[in-house]
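Working through the structure, step by step
Next come the chains, spelled out residue by residue.
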Amino acid sequence: MHTLSELPYGYGALEPYIDARTMEVHHSKHHQAYVNNLNAALEKYPEWKNKSLEELLTNLNALSEEIRTAVQNNGGGVYNHNFFWQVLKKDVEPSGEILTAINNDFGNFEKFKQEFTEAAKIQFGSGWAWLVLDNAKLEIIKTANQISPITEGKKPLLAIDVWEHAYYLKYQNKRPEYIEAFFNVIDWEKVNEFFTKAQ
Ligand code: MN
């Protein structure tokens, strides 16, 4: 049985960049729905019921066809949001090993920001942009819907949710403004932790 993870901060913690109402609906309604739908999909599959999200998402091909898409969508939805909440915190400057690696792999922080912003902007429809570690190299990727980088063997370090539910209440159709604001709520200390673990 999968459960909704607690947010490590209050719904208003990321104001004004991400508003409290958006956080509340996003966490208590959207994220909760992925949890409920995942549990419903696994109900008749005792052999998969107690597997971790990581085990499910890295073994999608081993799942019965009947539930594979539901697990990809809803298991991915749970995993991706669990990850996303953890990398959000207001006013943390990029520093440490991740900053060094970004400078090495992208040239400088501005270039990284441009490339990440572009990926988030051009993801057509619902999905995510990610900074991942892939074979010891940093890479920016985007995924559609709730596809998770771990399914592709990549280790997530940073994510932005670009589903409209992540920004529509405050930004409406202005996704680029949401992406710009997002750069004020990245917890670079957390990104550094994920980077250390991924190596
Ligand atoms: Mn979302």
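Whatever comes next refers back to the structure up there.
Nothing here was measured: the structure is a model prediction, and the numbers come from that model.

**Quick look at the packing of aromatic side chains**
Considering all chains together, one arrives at 17 aromatic pairs under this definition. Centre to centre, the rings of Phe 84 and Trp 128 are 5.5 Å apart; their planes meet at 85°, and the pair counts as edge-to-face. Placement of Phe 84 in helix α4 (residues 65-86) and of Trp 128 in strand β1 (residues 127-134) is noted, with a sequence separation of 44 residues between them. The exposure classification of Phe 84 matches that of Trp 128, with both residues buried. With centroids separated by 5.0 Å and ring planes inclined at 25°, the aromatic side chains of Tyr 167 and Tyr 178 adopt a geometry described as stacked. One end of the pair, Tyr 167, is in the loop between β3 (155-161) and α7 (168-171); the other, Tyr 178, is in helix α8 (residues 175-182), with eleven residues separating them in the sequence. Owing to a relative accessible area of 4%, Tyr 167 belongs among the buried residues under this scheme. Residue classification places Tyr 178 among the buried positions, given a relative accessible area of 1%.

**Some thoughts on the coordination of the manganese ion**
Binding of the manganese ion to the protein goes through His 26 (NE2), His 81 (NE2), Asp 161 (OD) and His 165 (NE2), at separations of 1.9 to 2.1 Å. For the manganese ion, the single-chain donor residues occur in sequence as H-x54-H-x79-D-x3-H. Of this pair, His 81 sits in helix α4 while His 165 sits in the loop between β3 and α7, and the two are 84 residues apart along the sequence. Taking relative accessible area as the criterion, His 81 reaches 0% and is therefore assigned buried.

**Overview of helix α6 (residues 109-122)**
Taking 1.5 Å of rise per residue, the 14 residues of α6 would be expected to cover 20 Å, and the 20 Å separating its terminal C-alpha atoms lies within 8% of that figure. Restricting attention to buried positions, one finds in α6 the residues Phe 109, Phe 112, Lys 113, Phe 116, Thr 117, Ala 119 and Ala 120. Projected down its long axis, α6 carries its buried residues within an arc of 160°, all on one side. Where α6 is buried, its residues touch α5 (96-106), β1, β2 (137-144), β3, α8 and α9 (188-198). The N-terminus of α6 is capped by Asn 108, whose side-chain oxygen sits 3.1 Å from the backbone nitrogen of Glu 110.

**Overview of the nonpolar core**
By size, the foremost hydrophobic cluster in this structure holds 66 residues, and its most contacted members are Phe 112 and Leu 131. Counting residues per element, this core draws most heavily on α4, at seven residues. Residue assignment places this core across two domains, with domain 1 (20-86) and domain 2 (96-198) each supplying three or more.

**Some remarks on the packing of α5 against α6**
Between α5 and α6, the shortest axis-to-axis distance is 8 Å and the interhelical angle comes to 75°. One element, α5, and the other, α6, form an angle in the roughly perpendicular class. Contact with α5, carried on its side by Leu 99, Ile 102, Asn 103 and Phe 106, involves Phe 109, Lys 111, Phe 112 and Glu 115 of α6 and no other residues of that element. Taken together, the residues that form the contact of α5 with α6 break down as five nonpolar, one polar and two charged.

**Points about the sheet that holds β1**
As summarised here, the arrangement of the three strands in space is β2-β1-β3, forming an open sheet in which the pairing is antiparallel. Either end of the sheet is taken by a strand with one partner, and the two such strands are β2 and β3. For this sheet, the mean angle separating the axes of adjacent strands, direction not counted, is 20°. As paired strands, β1 and β2 are joined by eight bridges and run antiparallel to one another. Bridge pairing in β2 places Gly 127 opposite Ala 144. Where α4 meets the sheet, its contacts fall on β1 and β3, and the angle it forms with β3 comes to roughly 90°.

Calculation notes
Residues numbered from 1 in each chain as written. Predicted model: local features only at pLDDT ≥ 70, side-chain atom pairs only at ≥ 80, totals over all residues. Heavy atoms only, no water. Phe/Tyr/Trp six-rings, centres within 6.5 Å; stacked < 30°, edge-to-face > 60°. Helix = DSSP H or I, 4+ residues; strand = E, 2+ residues; numbered from the N terminus. Buried < 20%, exposed > 50% of the residue type's maximum accessible area, 1.4 Å probe, protein only. Donors = N, O, S within 2.8 Å, 3.2 Å for Na, K, Ca; no water. Expected span 1.5 Å × (residues − 1). Arc of directions from axis to C-beta. Contact = heavy atoms within 4.5 Å. Polar contact = N/O pair within 3.5 Å; in protein donor to acceptor, adjacent residues only side chain to side chain. Core = buried A, V, L, I, M, F, W, Y, C linked by side-chain atoms within 4.5 Å. Domains from an automatic or database assignment. Axes fitted to C-alpha atoms, helices over the stretch in contact; angles between N-to-C directions. Parallel < 35°, antiparallel > 145°, perpendicular 65-115°, else oblique. Nonpolar A, V, L, I, M, F, W, Y, C, P; charged D, E, K, R; others polar. Pairing = 2+ DSSP bridges.

This is a description of form; function is not addressed.
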